[in-house]
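Coordinates in review
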Amino acid sequence: MSNEIAVIGVGMHPWGKWGKNFVEYGVKAARDALKDAGISWKDIDYISGAATMRCGYPGYVAGATFAQALGWQGAEVNTSYAACASGSQALAAAKAKILAGEAECALVVGADTTPKGFLAPAKGYRPDDPDWVRFHIGITNPTYFALYARRRMDVYGDTLADFAAVKVKNAKHGSTNPYARYKKCFTAEDVAASNMVANPLRLMDICATSDGGAAVIVCSAAFAKKIGKSDAVRVAAISTVTPTFAGEIIEMPDIATDSAVACDAVRFRAQLPIKAYEEAGIGPEDISLAEVYDLSTALEMDWYEDLQLCARGEAAQLVRNGDTTLGGRIPVNVSGGLACFGEAVPAQALAQICELTWQLRGQAGNRQVENAKVGITANQGLFGHGSSVILKK
Amino acid sequence: MSDKPTIAAIEGWYTMDADKPHLIGTSCNSCGTYYFPKLSTFCKNPSCEGEEFTEVQLSRTGKIWSYTDSQYKPPEPFIAADPYVPYTVAAVQLEKEKMIVLGQVVAGVGVDQLKVGDDVELVLETLYENDEANKIIWKWKPVA
Ligand SMILES: [Zn+2]
């Protein structure tokens, strides 16, 4: 118990393409989370923001930006940047502060506004920058996701129908989620009719980018007890481990993997939950539901295996059995996942926490997983960042 | 095209040997780890303190780890032909170096002609042409 903190409030701003300042989404999410916790902004003694790199200086100092927008009240402040895992790292900072006894109750918040048009690399001839080189030779972001997907097909026998089934599943899950951006129940025919982007992935296999905001209020066990929330959902583990050399999988934006002649090849995505399971003292068999980073449909299936929900190569069987559908053995992305949200980088890991919290409290309405006791999140982004968080009742 | 000089699109990343080109990497003198692109500062193996490296030519054959294509014209700095012609990309496993290297697949080879595990070799082919030169890049070519 002593290593756990309580989640007493969660809140979100709906995902979309609203075109407003990111601060507005974050403050709305924060105010909802405070209301959900039944406490006031002035009860918060630590604010931890997830940075956005797309929104200029206010985004780099997100913690202070949100604190000022909510009204300076003297809380200590932190800002974390860890690509897709920024929200988890901001949560980890709050957890450390609380467990050290230096804070009682923290607000963790992240929000983003997507840029207009393409995220293009800087121009000119820059052969010393590998990221420039890979774009110059035609290696785009979808290239990497398509390589993973195709390898699944050739090595494990996954089919286009399996990938489409993941999209159909997530679309159905998210169709009644008030915070999701896309609420249409797409069919396998819809997926098959969408344009091929990078074979075998079609437009509808790949997630979009969105505006959105999410906030979480965490506190010490003593504070939770004091406000009558002793039975609040607990954070049982936060893993933000870096990769281990030599990386086995070709990762964006690299042109080559590490060479594994002196060190064994290690799969980063699989390392993330291993640390979380160890820290929580529980195993994959204890998991009631998972929220994973489905940047593509096929990538969601990689996560099933990396989270050890099934053996390597057997993810398609879970999809075909309906195991990961709401009502199945181990529902995945009952929120609708990135398929229904689109990615809002600094908010996304926190949105995963919000969903697990609602699920573990039994407040998820139409998308409620029956008897949910333990939930796990997983995400992986650029620069060796990733995270996996376990919440339990 | 034949009148124009043939120039490496990216200087120093591969030999310009028309018959048997190689990617140019480095290897750590202490632990033997290979690097592509070249690394010559500090070895990234966490158990190695190596700071001396030797320039090496990487294996010019390997096996396909995976493959895809690009149906949409990528943004700059990619320089696309007009009209745009989709191209195939492969991730290739080099056995000796125990690493995977990306690259385009030679023109005219589509994804339906490839399989994971297929043997490929490194060749040089045009990446794009401009008024002054024919810019050459490494590509993977299926071994017949
Ligand atoms: Zn070394």
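Please refer to the structure placed before this passage.
Residues numbered from 1 in each chain as written. Chains lettered and ligands numbered in written order. Predicted model: local features only at pLDDT ≥ 70, side-chain atom pairs only at ≥ 80, totals over all residues. Heavy atoms only, no water.

For chain A, the helix and strand inventory stands at 14 helices and 11 strands. Here the C-alpha radius of gyration of chain A, 20 Å, is about what a compact globule of 393 residues would show, namely 21 Å. The C-alpha extent of chain A, read off along each of the three principal axes, is 55 × 50 × 45 Å. The buried share among the 393 residues of chain A stands at 61%. Across chain A, the fraction of contacts at a sequence separation of at least 24, relative to all contacts at a separation of at least 6, is 74%. (Helix = DSSP H or I, 4+ residues; strand = E, 2+ residues; numbered from the N terminus. Rg over C-alpha atoms; globule rule 2.2 N^0.38 Å. Buried < 20%, exposed > 50% of the residue type's maximum accessible area, 1.4 Å probe, protein only. Contact = heavy atoms within 4.5 Å.)

Within chain B one finds 0 helices and 9 strands. For chain B, the sequential pattern of α-helices and β-strands runs β-β-β-β-β-β-β-β-β. Principal-axis analysis of the C-alpha atoms gives chain B an extent of 50 × 35 × 30 Å. By residue count, 50% of the 144 residues in chain B fall in the buried class. If you sum the accessible surface of chain B, you get close to 7200 Å²; carbon and sulfur atoms cover 48% of it. A distance of 4 Å separates the average location of the 13 positive side-chain charges in chain B from that of its 21 negative side-chain charges. (Areas by Shrake-Rupley, 256 points an atom, 1.4 Å probe, with all protein chains shown as cover. Lys, Arg positive; Asp, Glu negative; His and termini not counted. Charge placed at Lys NZ, Arg CZ, Asp CG, Glu CD.)

The subject of this paragraph is the pattern of salt bridges. All names here are of chain A. Overall, the coordinates contain 29 salt bridges over all chains when judged by the stated rule. Between Asp32 and Lys28 there is a salt bridge whose closest N-O contact spans 2.5 Å. Here the residue Asp32 and the residue Lys28 both occupy positions in helix 1 (residues 22–37), the gap between them amounting to 4 residues, near one helical turn. Here Arg320 makes a salt bridge to Asp162, at a shortest N to O gap of 2.6 Å. Residue Arg320 is found in helix 12 (residues 315–321), and its partner Asp162 is found in helix 7 (residues 160–174); the two are separated by 158 residues along the sequence. With a relative accessible area of 45%, Arg320 lands in the partly exposed category. In this structure, a network of salt bridges that share partners links the residues Arg152, Asp158, Arg269, Asp302, Glu305, Asp306 and Arg312. (Salt bridge = Lys/Arg side-chain N within 4 Å of Asp/Glu carboxyl O.)

All names here are of chain A. A contiguous nonpolar patch, built from Met53, Tyr57, Tyr60, Val61, Tyr81 and Phe383 and spanning about 640 Å² of accessible area, is present on the exposed surface. On the secondary structure map, Tyr60 appears in helix 2 (residues 56–60). Residue class for Tyr60 comes out partly exposed when judged on its relative accessible area of 41%. (Patch = residues over 30% accessible without salt bridge, like charges linked within 9 Å, V, L, I, M, F, W, Y side chains within 5 Å.)

Our next topic: the interface of chain A and chain B. With 41 residues of chain A in contact, the opposing surface of chain B contributes 46 residues. At the boundary of chain A with chain B, total buried surface from both sides reaches about 3700 Å², with 67% on carbon and sulfur atoms. At the junction of chain A and chain B, the tally comes to 1 salt bridge. Note that B:Lys115 is salt-bridged to A:Asp154, the shortest N-O span being 3.4 Å. The tally of links from chain A across to chain B stands at 19 residue pairs in polar contact (both at pLDDT 80 or more). Listing elements by their share of the side of chain A that touches chain B, those giving two or more residues are helix 5 (130–136), helix 6 (141–156) and strand 5 (196–198) of chain A. For the side of chain A that touches chain B, the element with the most residues is helix 6 of chain A, which contributes 9 residues. (Buried area = accessible area lost by both parts, 1.4 Å probe. Polar contact = N/O pair within 3.5 Å; in protein donor to acceptor, adjacent residues only side chain to side chain.)

Let's shift gears to the coordination of the zinc ion. For the zinc ion, the full set of protein donor atoms is B:Cys28 (SG), B:Cys31 (SG), B:Cys43 (SG) and B:Cys48 (SG), and the range of their distances to it is 2.3 Å. Counting gaps between the donor residues of the zinc ion yields the pattern C-x2-C-x11-C-x4-C. (Donors = N, O, S within 2.8 Å, 3.2 Å for Na, K, Ca; no water.)

Where a protein is soluble and globular, its nonpolar side chains tend to be buried together. Within the largest apolar cluster, 92 residues are counted, with the highest numbers of intra-cluster contacts made by A:Ile390, B:Tyr14, B:Leu23, B:Phe36, B:Val101, B:Trp138 and B:Trp140. The leading source of residues in this core is helix 6 of chain A, at 7 residues. Those residues within four positions of B:Trp138 in sequence are excluded, and the remaining contacts are A:Ile137, A:Ile255, B:Trp13, B:Tyr14, B:Leu23, B:Phe36, B:Val101, B:Leu102, B:Gly103, B:Leu122, B:Val123 and B:Leu124. In this structure, A:Ala93, A:Ala103, A:Leu356 and A:Val389 belong to the second largest nonpolar core, which totals 39 residues. (Core = buried A, V, L, I, M, F, W, Y, C linked by side-chain atoms within 4.5 Å.)

Let us now look at empty space enclosed by the protein. All names here are of chain A. Applying the stated rule across the entire model yields 2 cavities of 30 Å³ or more. What lines the largest cavity is a set of 16 residues, and nearest its centre among them are Glu291, Ser335, Gln348, Ala351 and Gln352. Where the lining of the largest cavity is concerned, the elements lending two or more residues are strand 9 (289–292), helix 13 (337–341) and helix 14 (345–361). Per-element tally for the lining of the largest cavity: the top contributor is helix 14, with 5 residues. Looking at the lining of the largest cavity, its residues break down into 7 nonpolar, 6 polar and 3 charged. Taken as a whole, the second largest cavity encloses approximately 50 Å³ of empty space. The residue inventory of the lining of the second largest cavity, partitioned by class, reads 4 nonpolar, 3 polar and 3 charged. (1 Å grid on protein atoms, 1.4 Å probe; cavity = no way out; pocket = protein on both sides within 12 Å on 5 of 7 lines; lining within 4 Å. Points joined across faces, edges and corners; volume = space filled by probe spheres on them. Nonpolar A, V, L, I, M, F, W, Y, C, P; charged D, E, K, R; others polar.)

Limitation: the analysis is restricted to geometry and does not speak to function.
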